[in-house]
Amino acid sequence: RSEEMAKLTQLIDNEVFRAFATYATIVLLKMMLMSLITAYFRITRKAFANPEDTASFGKGESAKKFLRTDQDVERVRRGHLNDLENIVPFLGIGLLYALSGPELYTALLHFRIFAGARITHTFAYLIPLPQPGRGLSWVVGYAVTISMAYQLLKAVLYL
Amino acid sequence: RSEEMAKLTQLIDNEVFRAFATYATIVLLKMMLMSLITAYFRITRKAFANPEDTASFGKGESAKKFLRTDQDVERVRRGHLNDLENIVPFLGIGLLYALSGPELYTALLHFRIFAGARITHTFAYLIPLPQPGRGLSWVVGYAVTISMAYQLLKAVLYL
Amino acid sequence: RSEEMAKLTQLIDNEVFRAFATYATIVLLKMMLMSLITAYFRITRKAFANPEDTASFGKGESAKKFLRTDQDVERVRRGHLNDLENIVPFLGIGLLYALSGPELYTALLHFRIFAGARITHTFAYLIPLPQPGRGLSWVVGYAVTISMAYQLLKAVLYL
């Protein structure tokens, strides 16, 4: 047991791996925050998706009117889905890239830019900033992931 | 080759890693089940999203009326999306946490509570249970993921 | 440092792991392509979700009419969401399966069939092909993931 633990400790002592773990956790926590923001807007705008969620507002028609879509809620939900679409590739490609033995400096640059781009994307979506603010932040995160995929495939390609 | 295999076997012999692999597979299989439940409701409620899916019901207007949304289908789809939003963070943070050398007892507790919370969440969504049943099960899974993220960052933080 | 790197290099030199990294990257890049196809249809069909995205078409009512849903855009979005629902389980279960020491031949077969099924699914969705083309390609990818989950649980089960 202690020998196995030693192996794991070696993995977690690897600086690239630690950096990936740190930035992956940051972007995932940011994504999880979207759930809280959605809940906040659903409650303050009184706009729900399920009849059982409106039961505390009374019965019948008086509660039914809160089963509706709201512009602010939908905006947060679009931002959340965009996170899923972009953070899932970062997680998969980034983890494998981190395990493919990249230079620490290069890897850190990729992780930091991706995290910065996604945080910027969320602000651009929720404020909202005029375009191309949100578009550019999306492109930067996308390009970072493509760059990691390219270097990963160069290192491991096995078809 | 056999030496490399030995290394991998050591990883998979690690009890925390095996526990994570087991519970991650359980929650992913549960999430995959949502696709089958969606298909079941689409077929029994005759509510489809694509024209080519309704072709077996005839042509023209007679088939077109099955291109519609249905309350039961939409409910399963909301549960499925909620799974994606919560199970993706669990996968990413949980894997890295499992590799950061936590105590077996603590790690098992996290994995078991998360799996239980998400299975409860699905029942609460599909039956549906009155609130705060679904809300509480969601909060429990969310809190477990935050707890793993905190311990992971404490162990590996590298900005 | 160099010793740790050696450990990582051993993981990335493992053929099953390299194969997983390759096919996981391929399906993730394919999924990322859905974002570009969505953007292409949004721009050519002039169908946007956010007011700030239509600002370049003018102000007021003249821009507001481009805030609409479009059949082609929605079709790509459904394909994208279906990717998320199916590729996330493949990533999680596939990675853990690749680390559980499967035979290279068996593992490659799983990864190749899954990648082929998901690429076929995308063509079936976007062309679109008549059913059961899309349905069958979905089932094949689903069955491959279940097969990996079964073998993974057989190898690691720790409840």
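Reading the values: rules and limits
- Residues numbered from 1 in each chain as written.
- Chains lettered and ligands numbered in written order.
- Predicted model: local features only at pLDDT ≥ 70, side-chain atom pairs only at ≥ 80, totals over all residues.
- Heavy atoms only, no water.
- UniProt positions renumbered as here; feature names shortened; annotations may be inferred.
- Helix = DSSP H or I, 4+ residues; strand = E, 2+ residues; numbered from the N terminus.
- Contact = heavy atoms within 4.5 Å.
- Axes fitted to C-alpha atoms, helices over the stretch in contact; angles between N-to-C directions.
- Parallel < 35°, antiparallel > 145°, perpendicular 65-115°, else oblique.
- Left-handed = near helix turned anticlockwise from the far one by under 90°.
- Nonpolar A, V, L, I, M, F, W, Y, C, P; charged D, E, K, R; others polar.
- Least-squares fit on C-alpha atoms with pLDDT ≥ 70 in both.
- Buried area = accessible area lost by both parts, 1.4 Å probe.
- Salt bridge = Lys/Arg side-chain N within 4 Å of Asp/Glu carboxyl O.
- Core = buried A, V, L, I, M, F, W, Y, C linked by side-chain atoms within 4.5 Å.
- Buried < 20%, exposed > 50% of the residue type's maximum accessible area, 1.4 Å probe, protein only.
- Expected span 1.5 Å × (residues − 1).
- Polar contact = N/O pair within 3.5 Å; in protein donor to acceptor, adjacent residues only side chain to side chain.

As recorded by an unreviewed UniProt entry, chain A carries the name Microsomal glutathione S-transferase 1 and is attributed to Rhynochetos jubatus. Here is the UniProt Sequence similarities (unreviewed entry) comment for chain A, exactly as written: "Belongs to the MAPEG family."

Here we come to the environment of Arg118(B). Residue and element names in this part refer to chain B. Turning to its location among the elements, Arg118 is positioned in helix α5 (residues 104-126). With 43 residues separating them along the chain, Arg118 and Arg75 place their C-alpha atoms 16 Å apart. Leave out the neighbours within four places in its chain, and Arg118 touches Lys30, Asn82, Asp83, Asn86 and Trp138.

All names here are of chain A. In the contact formed by helix α5 (residues 104-126) and helix α6 (residues 133-156), the axes pass within 8 Å of each other and the chain directions differ by 155°. Between α5 and α6, the interaxial angle falls into the category roughly antiparallel. Crossing angle aside, the handedness with which α5 passes α6 is left-handed. Taken together, the residues of α6 that come into contact with α5 (itself represented by Thr106, His110, Phe111, Ile113, Phe114, Ala117, Arg118, Thr120, His121, Ala124 and Tyr125) are Gly133, Arg134, Ser137, Trp138, Val140, Gly141, Val144, Thr145, Ser147, Met148 and Gln151. The residue inventory of the contact of α5 with α6, partitioned by class, reads 10 nonpolar, 10 polar and 2 charged.

Rotating chain C by 120° and translating it 0.0 Å along the rotation axis places it on chain B, where the RMSD comes to 0.0 Å. Classification of the inter-copy transformation places it as that of a three-fold axis. Relative to the rotation axis, the closest C-alpha in chain C is found at Val88(C), a distance of 4.3 Å.

Turning next to the interface of chain C and chain B. Counting residues at the interface gives 39 residues for chain C, matched by 40 residues for chain B. With both chains or domains summed, chain C and chain B bury close to 3300 Å², and 67% of this area falls on carbon and sulfur atoms. Seen at the junction of chain C and chain B, the total is 3 salt bridges. Two residues, Arg134(C) and Asp53(B), come together in a salt bridge whose shortest N-O distance is 3.0 Å. When residues of the side of chain C that touches chain B are traced back to their parent elements, those giving at least two are α1 (2-13), α4 (71-98), α5 (104-126) and α6 (133-156) of chain C. Element by element, the count of residues in the side of chain C that touches chain B is highest for α4(C), at 12 residues. Partitioning the side of chain C that touches chain B into residue classes produces 25 nonpolar, 7 polar and 7 charged.

Moving on: the nonpolar core. Counting 115 residues, the largest nonpolar core has Phe111(A), Phe111(B) and Phe111(C) as the members making the most contacts within it. Filtering out sequence-adjacent residues up to four positions away, Phe111(C) remains in contact with Val16(C), Ala19(C), Phe20(C), Tyr23(C), Phe90(C), Tyr97(C), Ala98(C) and Met148(C). Counting residues in hydrophobic clusters, the runner-up holds 6 residues, among them Met34(A), Phe41(A), Val73(A) and Val76(A).

Turning our eyes to something else, we now look at the pattern of salt bridges. Per the stated rule, a full pass over the model turns up 21 salt bridges over all chains. Residue Glu74(A) is joined to Arg77(A) by a salt bridge in which the shortest nitrogen-to-oxygen separation is 3.2 Å. Here Glu74(A) pairs with Arg77(A), and both are found in helix α4 (residues 71-98), just 3 residues apart, close to one helical turn. Between Arg118(C) and Asp83(C) there is a salt bridge whose closest N-O contact spans 2.9 Å. Of this pair, Arg118(C) sits in helix α5 while Asp83(C) is found in helix α4, placing the two residues 35 residues apart along the sequence. Judged on exposure class, the residue Arg118(C) and its partner Asp83(C) are both buried.

Residues and elements named next belong to chain A. Annotation from UniProt places "transmembrane region" (unreviewed entry) at residues 20-41 and 87-115. Annotation note: span residues 20-41, helix share 100%, strand share 0%, distance between end C-alpha atoms 32 Å. Summarising residues 87-115: 83% helix, 0% strand, and an end-to-end C-alpha distance of 10 Å.

All names here are of chain B. Here the residue pair Gln131 and Pro132 is connected by a cis peptide bond, since its omega of 10° sits within 30 degrees of zero. Its location among the elements puts Pro132 in the loop between α5 and α6 (133-156). The phi dihedral of Lys46 is positive, around 50°, even though this residue is not glycine. Taking the relative accessible area as the measure of exposure, Lys46 reaches 35% and is therefore partly exposed.

Bringing the relation of the copies chain A and chain B into the picture now. With an RMSD of 0.0 Å, chain A superimposes on chain B once it is rotated by 120° and translated 0.0 Å along the axis. Looking at the interface residues of chain A, only 18% of them are also at the interface in chain B, so each copy uses its own face.

With that settled, the discussion passes to helix α4 (residues 71-98) of chain B. All names here are of chain B. With 28 residues, α4 ought to run about 40 Å at 1.5 Å a step, and its terminal C-alpha atoms sit 39 Å apart, in line with that. Within α4, 24 of the 28 residues are buried, which leaves it mostly tucked inside the rest of the structure. The opening residue of α4, the one whose side-chain oxygen lies 2.8 Å from the backbone nitrogen of Asp72, is Asp70.

So, on to the interface of chain A and chain B. On the chain B side, the residues contacting the 40 residues of chain A number 37 residues. When chain A packs against chain B, close to 3300 Å² is buried across both sides, 67% of that on carbon and sulfur atoms. Where Arg134(B) meets Glu52(A), a salt bridge forms, and the shortest distance between an N and an O atom there is 3.4 Å. Elements supplying a minimum of two residues to the side of chain A that touches chain B: α1 (2-13), α2 (15-44), α4 and α5 of chain A. Counting residues per element, the side of chain A that touches chain B draws most heavily on α2(A), which supplies 18 residues. Looking at the side of chain A that touches chain B, its residues break down into 26 nonpolar, 5 polar and 9 charged.

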